[in-house]
Amino acid sequence: ALAAHPHAEVRLYNPFLQRSGRIFGYLGDFQRLNRRMHNKSFTADNQVTVVGGRNIGGEYFGVGSDMVFADLDVAAIGTAVHEVSRQFDLYWNSPSAYPAASFVGTPGPEGVGDLKARFAAARANPESVAYLEALRTTPVVRDILDRRVSFEWAKATVVYDDPAKTLDTQARADFLLFPALVRAIGRPEKSLDLVSPYFVPGKEGTESLAALARGGVQVRVLTNSLAASDVAVVHAGYAKRRHDLLHAGVRLFELKPTATEELPPERTGVGSSSSSGLHAKTFAVDRDRIFVGSFNFDLRSALLNTEMGLVIDSAVLAQSMADGFDSIIPLAAYEVVLAADGSSLQWIERTSAGEKRHDTEPETGWLRRTGVGVMSLLPIDWLL
């Protein structure tokens, strides 16, 4: 419907040929369709860009009363905007991008009218009205409207996968974001604070993080708890690595499903929800440099999906993330620790009423835990 508007153009990246029978598409073309464009950016007039992990959907903006995702973005101006635009054009004009009309048909003469009617209905919806009113009172919107937004002036490097990664059959490393990301942000010498909702480090990633921790680097990781995860099979790829990471000295935090209820209002955005999940993808090195983007710490982001983000040389932003691990995250998340026997796990829940320890994954049933345990035995990390 959006393509019907005279000022809108829509292309689909790496699409299914048959939109209604995806399972048959996977059977015939799995290697291609298993790769997705995961990049997220929003650029206006080539003057300002917003980059991060947020999708366009109500649950990513605090709308509604169901699941709401905790996310993170950065707004950038200057030369980084032109690099983000260049990245967008590279994907827009790539062999994997097709006009939407090729798959969903050409809009009829009534298309624009239907689109405007849907816009008007959405705008008049009482939930939309309430959301917009609440949005206008948020500090960031007030600052934008009052023209008093303050930027942190720092070097920002745009990193992204080449879209050729989507069609690559030779496993070429020169297409990949991850080596460029490592070069841009540098090796941690003192600290690494990592936030990844889908944290599947695999064997090599686990060994790398463990080696950093054993070498004296403070390594802290925030991911989803099983109760907060929207993809249980992904949790299975992480759960089997917890013991190795903890024995090496890595600190693990798992977001509570009730995090938005327990944090102060200024930390939880506009909406309220009965359940929350982590969706931000960021990490900071040595309290000096920070990455914000779409890249999860998993093999899918590294090898299959296309990703992008900004590496920012800013001690202010990196320190802000470290401060979050020091004060906010211990309240919003369970800390996973080794029990006294050195082999079983415990989950520490910190609240204003005191500390509580759980011997099983909090807020979960035995059936779900058993299912995750079984899935963790499968060699499917590369798919997660």
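Remember, it's a predicted structure, so these values are computed and weren't measured experimentally.

Student: Break down the sheet that holds strand β7 (residues 155-160) for me, citing the residues and quoting the values.
Tutor: The 10 strands lie next to each other as β7-β14-β13-β12-β8-β9-β10-β15-β16-β17, forming an open sheet whose pairing is mixed. With one partner strand each, in any of the chains shown, β7 and β17 (354-358) form the two edges of the open sheet. Averaged over all neighbouring strand pairs, the angle between strand axes comes to 20°, with direction disregarded. As paired strands, strand β15 (residues 333-338) and strand β16 (residues 345-351) are joined by four bridges and run antiparallel to one another. Bridging across to β16, glutamate 335 finds its partner in isoleucine 348. In the packing of helix α2 (residues 79-92) onto the sheet, the strands contacted are β7 and β14 (308-313), and the crossing angle to β7 comes to about 10°.

Student: Describe helix α7 (residues 177-185), with residues and values.
Tutor: Since the α-helix turns once every 3.6 residues, residues separated by three or four places project in the same direction. Among all positions in α7, only Leu177, Leu181 and Ile185 are buried. Looking straight down α7, one finds its buried side chains confined to an arc of 45°; they lie on one side. Check the buried side of α7 and you find it contacts β7, β12 (282-285), β13 (289-293) and β14. In the segment just after α7, glycine 186 is the residue with positive phi, at about 85°.

Student: Outline the packing of aromatic side chains, supporting the account with residue identities and numerical values.
Tutor: Counted according to the given criterion, the structure contains nine aromatic pairs. Arranged with centres 5.7 Å apart and planes meeting at 20°, the rings of phenylalanine 88 and tryptophan 92 form a pair that is stacked. Within this pair, phenylalanine 88 and its partner tryptophan 92 are both found in helix α2, separated by four residues, close to a single helical turn. In this structure phenylalanine 88 comes out as partly exposed when scored by relative accessible area, which is 45%. Consider the rings of phenylalanine 253 and phenylalanine 325, whose centres lie 6.1 Å apart with planes at 70°: the pair is edge-to-face.

Student: Tell me about the nonpolar core, and please be specific about residues and values.
Tutor: With 29 residues, the main nonpolar core has Leu181, Phe199, Val219, Leu252, Phe283 and Phe291 as its most contacted residues. For this core, the secondary-structure elements that each account for two or more residues are α7, β8 (191-195), α8 (202-214), β9 (218-224), α10 (242-248), β12, β15 and β16. Here phenylalanine 291 is in contact with Val159, Leu181, Ile185, Lys281, Thr282, Phe283, Met308, Gly309, Leu310 and Val311, once residues within four sequence places are set aside.

Student: Could you give an account of the pattern of salt bridges, with specific residues and numbers?
Tutor: Summed over the entire model, instances satisfying the criterion amount to 22 salt bridges. For arginine 251, the salt bridge is made with glutamate 335, and the minimal N-O distance between the two is 2.9 Å. Taken together, the residues arginine 251 in strand β10 (residues 251-255) and glutamate 335 in strand β15 connect sequence positions 84 residues apart. On the accessibility criterion, arginine 251 (34% relative accessible area) is partly exposed. Given the relative accessible area of 7%, glutamate 335 is considered buried. Between glutamate 335 and arginine 350 there is a salt bridge whose closest N-O contact spans 2.9 Å. Of this pair, glutamate 335 sits in strand β15 while arginine 350 sits in strand β16, and the two are 15 residues apart along the sequence. Beyond isolated ion pairs, a larger network of salt bridges with shared partners links Arg251, Glu335, Arg350, Glu355 and Arg357.

Student: An account of the side chain of histidine 38 is needed here, citing residue identities and associated values.
Tutor: Here histidine 38 is to be found in the loop between α1 (22-33) and β2 (41-44). Judged by its relative accessible area of 17%, histidine 38 is buried. Those residues in contact with histidine 38 that lie beyond four places of it in its chain are Lys281, Ser294, Asn296, Asn305, Thr306 and Glu307.

Student: Provide a residue-level description of unusual backbone geometry, including the pertinent values.
Tutor: Although it is not a glycine, arginine 147 adopts a positive phi angle of roughly 55°. Within the fold, arginine 147 resides in the loop between α6 (139-145) and β7. With phi around 55°, arginine 287 is a residue other than glycine that occupies positive phi space. With respect to the helices, strands and loops of the structure, arginine 287 is situated in the loop between β12 and β13.

Student: Report on α8, specifying residues and quantitative values.
Tutor: Look at α8: 18 Å from first C-alpha to last across 13 residues, which is about the 18 Å you get at 1.5 Å a residue. When we look at burial in α8, the residues that qualify are Gly202, Gly205, Thr206, Leu209, Ala210, Leu212 and Ala213. Looking straight down α8, one finds its buried side chains confined to an arc of 160°; they lie on one side. The exposed residues of α8 that point more than 90 degrees off its buried face are Lys203, Glu204 and Arg214. Turning to α8, the residues buried within the fold contact β8, β9 and α10.

How each quantity is defined
- Residues numbered from 1 in each chain as written.
- Predicted model: local features only at pLDDT ≥ 70, side-chain atom pairs only at ≥ 80, totals over all residues.
- Heavy atoms only, no water.
- Pairing = 2+ DSSP bridges.
- Helix = DSSP H or I, 4+ residues; strand = E, 2+ residues; numbered from the N terminus.
- Axes fitted to C-alpha atoms, helices over the stretch in contact; angles between N-to-C directions.
- Contact = heavy atoms within 4.5 Å.
- Buried < 20%, exposed > 50% of the residue type's maximum accessible area, 1.4 Å probe, protein only.
- Arc of directions from axis to C-beta.
- Phe/Tyr/Trp six-rings, centres within 6.5 Å; stacked < 30°, edge-to-face > 60°.
- Core = buried A, V, L, I, M, F, W, Y, C linked by side-chain atoms within 4.5 Å.
- Salt bridge = Lys/Arg side-chain N within 4 Å of Asp/Glu carboxyl O.
- Expected span 1.5 Å × (residues − 1).

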